[in-house]
Amino acid sequence: MEPVEKYYALEDAADRSMAAKFDGAVEENELRSQAQGWLQLSKGESTGEIDLDEASDIIQDSIPYEDTKVDIIKKEMSLDFPSTPCTRICRYNKSFFDGNICIGCFRDVHEISNWSSMAPIEKSYALEDAIDRIQDSEYFAGSVTSEDLRRQAQQWASISKVGYEEGLGKWQSIDIKNGNEESVVSSTFDYTSFIEGESILVLEDLISTEELTSIKVAADEIQARNSSERMSKGLKNEGLVRIPLIDAAQRASKLNTPFADTFPRDIDDKLNTILSKVLDRLDSDHERLIERLLSCHRLQNLFKNDMLQFSSREPAVNVYTKGGSFRPHEDGQQLTVLIYLSHPTEFDGGGTAFWPQDSRGHRVEDPSLIIAPNAGTVMIFRGDVTHSGLQINHGRRQVFVASFSPSKKG
Ligand SMILES: O=C(O)CCC(=O)C(=O)O
Ligand SMILES: [Fe+2]
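All of these numbers come straight from a predicted model, not from anything done at the bench. Sequence order sets the numbering: in each chain, residues are counted from 1 along the sequence as written. Lettering for chains starts from A, numbering for ligands starts from 1, and both go in the order in which the items are written. Only residues with pLDDT of at least 70 are given local features in this predicted model, and only at 80 or more are side-chain atom pairs given and counted; all residues enter the totals for whole chains, interfaces and linings. The side-chain figures draw on all heavy atoms in the structure; neither hydrogens nor water molecules are used.

**Digging into the overall build of the protein**
Thinking step 1. Along the protein, the regular secondary structure elements total 13 helices and 15 strands.
Thinking step 2. Only protein chains enter the area calculation, which uses a 1.4 Å probe; residues under 20% of their type maximum are buried, those over 50% are exposed, and those in between are partly exposed. For the protein, buried positions account for 44% of its 410 residues.
Thinking step 3. Should any heavy atoms of two residues lie within 4.5 Å, those residues are counted as being in contact. A sequence separation of at least 24 residues applies to 73% of the contacts in the protein between residues at least 6 apart. Strands are runs of DSSP state E lasting at least 2 residues, helices are runs of H or I lasting at least 4, and numbering of each runs from the N terminus.

**Observations concerning empty space enclosed by the protein**
Thinking step 1. The rule is simple: put a 1 Å grid over the protein atoms alone, call a set of points where a 1.4 Å probe fits but cannot get out a cavity, call an open set with protein on both sides within 12 Å along at least five of seven lines a pocket, and count a residue as lining if it has an atom within 4 Å of a point. Grid points are joined across faces, edges and corners, and a volume is the space filled by probe spheres set on the points. If you walk through the whole model with that rule in mind, you get one cavity of 30 Å³ or more.
Thinking step 2. What lines the largest cavity is a set of 16 residues, and nearest its centre among them are N318, Y320, H329, L338 and H387.
Thinking step 3. Elements represented by at least two residues in the lining of the largest cavity include exactly strand 6 (316–320), strand 7 (326–329), strand 8 (335–340), strand 13 (387–389) and strand 15 (397–406).
Thinking step 4. Residues are grouped as follows: Ala, Val, Leu, Ile, Met, Phe, Trp, Tyr, Cys and Pro are nonpolar; Asp, Glu, Lys and Arg are charged; all remaining types, including Gly, are polar. Across the lining of the largest cavity, the residue classes break down as six nonpolar, seven polar and three charged.

**So, the coordination of the iron ion (ligand 2)**
Thinking step 1. All of the protein donors around the iron ion (ligand 2) are H329 (NE2), D331 (OD) and H387 (NE2); their distances to the metal are 2.1 to 2.3 Å.
Thinking step 2. As a motif over one chain, the donors of the iron ion (ligand 2) read H-x1-D-x55-H. Placement of the pair is H329 in strand 7 and H387 in strand 13, with a sequence separation of 58 residues.
Thinking step 3. By relative accessible area, which is 5% here, H387 ends up buried. With water excluded from the atoms, a metal site may look incomplete; its donors are any N, O or S atoms within 2.8 Å, or within 3.2 Å for Na, K and Ca.

**Topic: the environment of W38**
Thinking step 1. For W38, the location among the structural elements is in helix 2 (residues 28–42).
Thinking step 2. Residue W38 is classed as buried on the basis of its relative accessible area, which comes to 8%.
Thinking step 3. Sequence separation of W38 and Y7 is 31 residues, and the distance between their C-alpha atoms is 5.2 Å.

**A word on the pairing of strand 6**
Thinking step 1. Most of strand 6 sits out of view: five of its five residues are buried.
Thinking step 2. Burial along strand 6 is two-sided: the residues A316, N318 and Y320 and V317 and V319 are all buried.
Thinking step 3. Pairing of strand 4 (residues 240–244) with strand 6, which is carried by five bridges, proceeds in the antiparallel orientation. Counterpart to I243 in the pairing with strand 6 is V317.
Thinking step 4. At least two bridges found by DSSP between two strands is the condition for calling them paired. As defined by bridge partners, strand 6 adjoins strand 15 across five bridges and the pair is classed as antiparallel. Opposite N318, over in strand 15, you have V399 as the bridge partner.

**Notes on the packing of aromatic side chains**
Thinking step 1. In summary, the pairing rule links any two rings of Phe, Tyr or Trp, Trp by its six-membered ring, whose centres are within 6.5 Å, and it sorts them by plane angle into stacked for under 30 degrees, edge-to-face for over 60 and tilted for everything else. Under the criterion given, the structure shown has eight aromatic pairs.
Thinking step 2. Between F96 and F140, the ring centres sit 5.1 Å apart and the planes meet at 80 degrees, which makes this aromatic pair edge-to-face. Of the two residues, F96 is situated in the loop between helix 4 (65–77) and helix 5 (109–114) and F140 in the loop between helix 6 (120–135) and helix 7 (146–165); the sequence distance between them amounts to 44 residues.
Thinking step 3. Take F96: its relative accessible area is 6%, and that puts it in the buried class.
Thinking step 4. On the basis of relative accessibility, which here comes to 21%, the residue F140 falls in the partly exposed class.
Thinking step 5. When the ring of F310 is compared with that of F404, the centres are 5.8 Å apart and the planes differ by 65 degrees; the resulting orientation is edge-to-face. Of the two residues, F310 sits in strand 5 (residues 308–310) while F404 sits in strand 15, which places them 94 residues apart along the sequence. With respect to class, F310 is no different from F404; both count as buried.
Thinking step 6. In textbook terms, an aromatic cluster arises when at least three aromatic residues are bridged by ring pairs, as seen for F96, F97, F106 and F140.

**Considering the site of ligand 1**
Thinking step 1. Surveying the vicinity of ligand 1 reveals the residues R242, N318, Y320, F326, H329, D331, T352, H387, G389, R397, V399 and V401.
Thinking step 2. Within the contact set of ligand 1, an oxygen atom lies 2.7 Å away from a side-chain nitrogen or oxygen of R242.
Thinking step 3. Here a polar contact is taken to be a pair of N or O atoms separated by no more than 3.5 Å, where protein atoms must pair a possible hydrogen donor with a possible acceptor and residues adjacent in sequence count only if both atoms sit in side chains. Side-chain polar atom of Y320 to an oxygen atom of ligand 1: 2.5 Å apart, as the coordinates give it.
Thinking step 4. What decides whether a molecule sits in a cavity or pocket is whether more than half of its atoms lie within 2 Å of the grid points. Given that more than half its atoms are within 2 Å of the pocket grid, ligand 1 belongs to the largest cavity.
Thinking step 5. Of all the elements in the fold, those that place two or more residues in the shell around ligand 1 are strand 6, strand 7, strand 13 and strand 15. If a single non-hydrogen atom of a residue is within 4 Å of a molecule or strand, that residue counts as near it.

**Comments concerning the sheet that holds strand 11 (residues 369–371)**
Thinking step 1. Taken in spatial order, the four strands make up an open sheet running 7-13-10-11, and their pairing is antiparallel. Lying at the two open borders of the sheet, with one neighbouring strand each, are strand 7 and strand 11. Each strand of the sheet is rotated relative to its neighbour by a mean of 15 degrees, with strand direction disregarded.
Thinking step 2. Pairing analysis gives three bridges linking strand 10 (residues 352–354) to strand 13, with the strands arranged antiparallel. For F354, the partnering residue across the bridge sits in strand 13 and is H387. Axis lines are fitted through C-alpha atoms, for helices just across the contact stretch, and the angle between N-to-C directions can take any value from 0 to 180 degrees.

**Structural notes on the state of the cysteines**
Thinking step 1. For the purposes of this analysis, a disulfide is any pair of cysteine sulfur atoms at a distance within 2.5 Å. For the structure shown, the criterion picks out zero disulfides.
Thinking step 2. Of all cysteine sulfurs in the structure, the one in C105 sits closest to C102, which takes part in no disulfide; the separation is 3.8 Å.
Thinking step 3. Exposure remark for C102: the relative accessible area of 2% places this residue in the buried category.

Below, the structure is given as structure tokens:
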């Protein structure tokens, strides 16, 4: 054990010794004094009068041999990988982030328990967050340093880039004019065509179909209610119902913009989580694009802090039924995100249509690109790209839409 680990273990032992006294057992004050000795040693200070051998004996007995062995094997195996930020302190302090952050590694419980399954890029972002958490606090004895965290974050970030070089990123760039597809290699990709509104970016399989099921059921219910209300009033059925998220509906009501019923809270939460996940993915996969196009970074943080400005009644789910379409338009914000909830087999016709920047417009020319991606696909394009939701002749089609810009007030 490192001196600082011994310090913490002895503090724990001292706490425990207060609960009961056994004959011949080491005294609480002895444990505290030895703890102090190890703490001083960990800081490279002299330990003065304190005899540390005894302390090490007490603690050494309590570490199972197997644990130590496993640790050595892990170290050997991970030679080329960043070490973990864990300092084996694994403690929480009520006064530090309400006890939600480990004072040894500055990660939260979720990050610690999921660490091994997190993608390299997620690890690199989690480590950046950990660095932010240290920023205005003092280090605890033996906690990981921000230099260590930064080095590890950079290592994970570069490992993640290697992954993308091998095509793991799966983003495709599609040229609006000729439909040509190109795999995106994040570290070297040239975003100029996207920024000029001449291509879109698509990522398949970001959201699993299971994640989408309850959302689609809820959206269909609201659409059905909406249509029966219209029928009872003798109005014609609408082929497109746009269901805003609760926040969007509140904004719309302030502006007296009419909107459909909103989702139940749990479904609304799910949609917010999906959008947040997509933004996180954009942050990690397209950092350079976000910076060039929106002059900002970390969209996910902006979203969480209410610093994104959305088109009116957005984010929203569009539900298309027979005859429904969305006329050609530009969304008018800086970036549009579409998340496809329905599979193309669920409807006839339909799909998103695009016009190139130098076309004579949708009234004159047919769209140059029509695409109906699989459910769970995410698409982004610049806010002034002309596009439309084509009419469906049969079935149902759902798309989750969010077009936004960083808000000026932020
Ligand atoms: O349905 C689509 O594919 C496009 C929807 C759209 O453009 C919008 O809601 O702004
Ligand atoms: Fe749109």
